[in-house]
There are 2 protein chains.
Amino acid sequence: MLSYKAPITDMKFLFEDVFNYYDHYKQYPEFEEATPDLVDAIFQECAKFCENELLPINQSGDKEGCTFDNGKVTTPTGFKEAYQKYVDGGWQSLSHPVEHGGQGLPASLGMVKSEMMGTANWSWAMYPGLSHGAMDTVQLHGTEEQKQLYLTKLTEGTWTGTMCLTEPQCGTDLGQVKTKAELNDDGTFSISGTKIFISAGEHDLTENIVHIVLARLPNAPKGTRGISLFIVPKMQVDEQGNIGESNNVVCGSIEDKMGIKGSATAVLNFDGAKGVLIGKENKGLECMFTFMNTARVGTALQGICAAELAYQNSLIYAKERLSMRSLTGAKKPELVADPIIVHPDVRKMLMTQKAITEGGRAMIYYTAKIVDDIQMLKDDKERRKADNRLGFITPILKAFLTELGSESANHGLQIFGGHGFIKEWGMEQIVRDTRIATLYEGTTGIQALDLLGRKILLNRGKYLKHFTMEILSFCKDKSMISSNPHKRQMNQFIWPLSKAVAGWQKNTLSLSLKAKKNRDVVGSASVDYLMYSGYIVMAYFWAQMAQAAYEKLATDVENRDFYRAKIKTAEFYFQRMLPRTKSLATTMMADPKTLMQLDEELLSFL
Amino acid sequence: MLSYKAPITDMKFLFEDVFNYYDHYKQYPEFEEATPDLVDAIFQECAKFCENELLPINQSGDKEGCTFDNGKVTTPTGFKEAYQKYVDGGWQSLSHPVEHGGQGLPASLGMVKSEMMGTANWSWAMYPGLSHGAMDTVQLHGTEEQKQLYLTKLTEGTWTGTMCLTEPQCGTDLGQVKTKAELNDDGTFSISGTKIFISAGEHDLTENIVHIVLARLPNAPKGTRGISLFIVPKMQVDEQGNIGESNNVVCGSIEDKMGIKGSATAVLNFDGAKGVLIGKENKGLECMFTFMNTARVGTALQGICAAELAYQNSLIYAKERLSMRSLTGAKKPELVADPIIVHPDVRKMLMTQKAITEGGRAMIYYTAKIVDDIQMLKDDKERRKADNRLGFITPILKAFLTELGSESANHGLQIFGGHGFIKEWGMEQIVRDTRIATLYEGTTGIQALDLLGRKILLNRGKYLKHFTMEILSFCKDKSMISSNPHKRQMNQFIWPLSKAVAGWQKNTLSLSLKAKKNRDVVGSASVDYLMYSGYIVMAYFWAQMAQAAYEKLATDVENRDFYRAKIKTAEFYFQRMLPRTKSLATTMMADPKTLMQLDEELLSFL
């Protein structure tokens, strides 16, 4: 019963009017093909694929789930066929390098594709999605031979890839990894150990799966500095890429989960499986970190996907479901009752979903430009700068947008009333599916520590300063003292945004002083601080969208309603969502002792 | 894998030290048996039943669910046996009148029983739980003959009952009810129509089910003033109570739901089923309203049940799971990593769960005393006063505690990291099971309208005034100018509580003035206003618990750690949760136009 139409109008607004994507693409000769015409065509074709092929197998995939039998996993009906169409359409290769069979289009376009696919069917999108991590690893750290052997197949989509990090005793704390790698006479390694929570770890979509595995060499240093990275294919591969015999990687079971049931989460038992080292010995975690930000932004996307899908469907329901009369008098007296969209509280939930979806999309598309830059910039210093910008914004995107994705999905369910709890409508599935997003790729708590502890305090606020300078410069540019023709209207956004940024700076400084005296301040403040930061960052993007909308309204005769709606949603955001910072600013400053003073034995008296 | 121990220490603290339950019981001769000894024995026995019989079939009940075959519903394995033990133990009759086979104990004790049962297994507890609604209806509105025929069997638990309100086209808006009732020659009625979402509407636990059905007589006035109430048994019953033939009430299907899968949610097709009128013609909704508050408090309980179960289990996990080191240095250097409870953010989630659970329990137990009063007070005026107190607090309890129950369940899941998403641990089930609580018995939005629109504005703030006077009188009693020996320590609670209450009064007045100009203010502010009110109400109960704990610490040599933990949790609540009012106080005051100005057609451009 779920419906989905790709929000192409909004996507184009961001590409053309807010972020000037075509000027951005023109900077790089490699992107000369990424013209407005081609991009439009890609948007349209991708939307068609997602709406017609992926959406119809979303709810059925949840109902059917993956089945496990004696080491083999069967994906839900239709998943294999959709995957084949995806490969045939060349979608997997879209934004990968030409040398290994890619189309060489920008990563940012790949992000838009991922958004559409992930909204239509997140579970399905996990299979090609996980491959990107493996591809990036081989691309960045593999030898030319490894690239020839694995990257080409992965880029085509003939094979898929996985990332095998987690073990039963550790997820976040990878220093505890126990999986062993022992050198064989032929220079390969024998990998033995158990990996869990391996998304797309086993399935029937492709003839082979390329596992990227964290393991420990004999006598490697303890902890995170003794971990190396290996390529371990499910089926052995000869030098020509022909598939040989099975490689002692056995799927022991798949998890029975709350959601994303169409995505197989495998327990993989490596029993002397043959692998090759990728990157340097004991540098496995560093190799992983090189593209961890991109992977996390890819997970942030899940928040937006859930928010969009929930919003589209609850909006339809809110217009159709008749219940009670408006408090200001009947709006549809000819009907037995008014549609529930007349009720302010239903509107509040819808507007919240809209603000989250569109604000979050803007945050992602802004960040996607930085991802393009990192891949394209030739100058080391420039690239490092871009990398630091990405590193700063990533934990905010990942944690804030996935938390808000859950909120939006829950509003969607709530708008349906009791029907939201019934599977048939699909709304509860969105809540279940997106609940994983605040857990994997680093929980919200881990992202928050990364933001406050590493990205801010460890760097003495440098990257925060760069980012707040960018916002303040925008504020100045659009403010009453500027030549901005829309400065009067923009005042309602510029003033509270400037004030919020000033508070952000002040509060961060204050936290950094406190943290010097007591390290527990960091963990005690971190999640509230991250959410607080997220609301301010999203306000910046709502202000940018409002400015762009005013500009278009002044010149454009088309889509005027769209621009007006943008501005009114920005008003909603500033009056109804940005004030959430007030409570967070208070609670994040509270003394850590309120958390730590109670001895753990006194937390319960049963 | 879920574990549960009834928190009897906390329950007794509330009964004895905070709310003086035994003085309360002594007011009523009917409650003379409710001595500390008997109450303790009931707590112990009930805990045993819940821990040993109900908990073990909680996760298996979710996995197996109810099965439907040709009109028959089979409950999950073990449900029927547990129900028989429950009936044999006399639990169903605990707090029902002696005249019809009850034990005549206070309703408040029934509430404690419901809490334990609902925490151990909410799905199972739905079956006896729904009976209480039917019992209250027959008790309050039935003829003596109806009571003899139905109430005795319901009180024994030999039969169960349901409430049949919702239809496909309406849930909240009961004026749209279409089910028809036509008078037969023998004075009975033929009921025809479809009811949906009927909890315990069909099952295999008892030989008969007594449906209480809202239906419309021919020529009844339109809307809510034309609805009457009927008793419609699943199996016909002769005058001696013997079961005769089937009564044309057919279960058409059961819903496939997000959670509470062990509880059958039935579609019931009434096809000329024989029923009797209960209460007066066209007064059906009024009859229902007489005990709606109690039913809603019973649903509020689900928030606490979810919070408690999630807290108990995440606390165990947080002490066992080893990951990373404390930021202030290794706490368990002998282990491979520290248990995650050392991390402030994990603590924050645990303390939030603890504050919700214990604060919510205090709110419920306070309210349960009022429920006792309403049932026992002979004086009409006094009873009406108690009823109005209950009416004021009920929507806050229902919406605020069920929303916070979901929050606590989600923290519990989050503490488990990726494992929280896996069914085996049971944490995701708590999230799914409790998600219904903000929907049924009136959604959060409906409770919020009831609070602000009816209970406050319609009554010109009278009941709010009574309640805030009670809080302020407590504040005065315990403040620096009083003879309270603990006034110095209590200052940290009394001052912010008084300030919060002053804000509550001021903001309510301000909203009432705005609402006079624009009725949309009510719906626009309502949910934020309810949550805002909830945090202040909960602060009042945390302050009371802190005061009681200080008193006990001054006199008692036992349980000192328990009282200290109480006070520290109160400190946590005041510093980390009460400040949530800051944002809510801002957003609830925002202009309704931020919600309403966008034409509904402009909410989407697809």
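Residues numbered from 1 in each chain as written. Chains lettered and ligands numbered in written order. Predicted model: local features only at pLDDT ≥ 70, side-chain atom pairs only at ≥ 80, totals over all residues. Heavy atoms only, no water.

J.: Help me understand the overall build of chain A, please; the structure alone is not making it clear to me.
T.: When helices and strands are counted, chain A shows 20 helices and eleven strands. Dimensions of chain A, computed from the C-alpha atoms along their principal axes, are close to 80 × 65 × 60 Å. Counting across all 606 residues of chain A, residues that qualify as buried make up 64%. Sequence separation of 24 or more characterises 74% of the internal contacts of chain A that already satisfy a separation of 6 or more. Of the roughly 22400 Å² that chain A leaves accessible, carbon and sulfur atoms contribute 51%. Counting 68 positive and 71 negative side-chain charges, chain A places the averaged centre of each group 9 Å from the other. (Helix = DSSP H or I, 4+ residues; strand = E, 2+ residues; numbered from the N terminus. Buried < 20%, exposed > 50% of the residue type's maximum accessible area, 1.4 Å probe, protein only. Contact = heavy atoms within 4.5 Å. Areas by Shrake-Rupley, 256 points an atom, 1.4 Å probe, with all protein chains shown as cover. Lys, Arg positive; Asp, Glu negative; His and termini not counted. Charge placed at Lys NZ, Arg CZ, Asp CG, Glu CD.)

J.: What should I look at first to understand the interface of chain A and chain B in this one?
T.: A common way to state how big an interface is: give the accessible area lost once the parts meet. Counting residues at the interface gives 100 residues for chain A, matched by 100 residues for chain B. Of the roughly 9100 Å² buried at the junction of chain A and chain B (both faces included), carbon and sulfur atoms supply 61%. The largest share of the area that chain A buries against chain B comes from A:Phe421, A:Arg576 and A:Leu603, three residues that together contribute 9% of it. Our enumeration of links across chain A and chain B arrives at four salt bridges. With its nearest N and O atoms 3.1 Å apart, the salt bridge here joins B:Asp528 to A:Lys348. Applying the counting rule to chain A against chain B returns 47 residue pairs in polar contact (both at pLDDT 80 or more). By residue number, the principal contributor to the side of chain A that touches chain B is helix α18 (residues 560-577) of chain A, which donates nine residues. Residues belonging to the side of chain A that touches chain B are distributed by class as follows: 41 nonpolar, 30 polar and 29 charged. (Buried area = accessible area lost by both parts, 1.4 Å probe. Salt bridge = Lys/Arg side-chain N within 4 Å of Asp/Glu carboxyl O. Polar contact = N/O pair within 3.5 Å; in protein donor to acceptor, adjacent residues only side chain to side chain. Nonpolar A, V, L, I, M, F, W, Y, C, P; charged D, E, K, R; others polar.)

J.: I'm lost on the packing of helix α16 (residues 487-517) of chain A against α18(A) in this one. Help?
T.: Residues and elements named next belong to chain A. Between α16 and α18, the shortest axis-to-axis distance is 10 Å and the interhelical angle comes to 30°. When the axes of α16 and α18 are compared, the crossing they make is left-handed. From α16, Gln492, Phe493, Pro496 and Leu497 reach across to α18, where they touch Ile567, Ala570, Glu571 and Phe574. Along the lines of polarity and charge, the residues of the contact of α16 with α18 split into six nonpolar, one polar and one charged. (Axes fitted to C-alpha atoms, helices over the stretch in contact; angles between N-to-C directions. Left-handed = near helix turned anticlockwise from the far one by under 90°.)

J.: Would you mind showing me how to read the UniProt feature "domain: Acyl-CoA oxidase/dehydrogenase middle" (unreviewed entry) in chain A here?
T.: Look at the UniProt record and you will see "domain: Acyl-CoA oxidase/dehydrogenase middle" (unreviewed entry) annotated at residues 163-271 of chain A. Helix makes up 0% of residues 163-271 of chain A and strand 46%, with an end-to-end C-alpha separation of 17 Å. (UniProt positions renumbered as here; feature names shortened; annotations may be inferred.)

J.: Sorry if this is basic, but what is going on with the pairing of strand β4 (residues 180-183) of chain A here?
T.: As a general feature of sheets, a regular strand has side chains that alternate between the two faces. Residues and elements named next belong to chain A. Relative to strand β5 (residues 189-199), β4 runs antiparallel, the two sharing four bridges. Opposite Ala181, over in β5, you have Ile191 as the bridge partner. Hairpin remark: β4 followed by β5, antiparallel, with five residues in the connecting loop; positive phi at Gly187, about 90°. (Pairing = 2+ DSSP bridges.)

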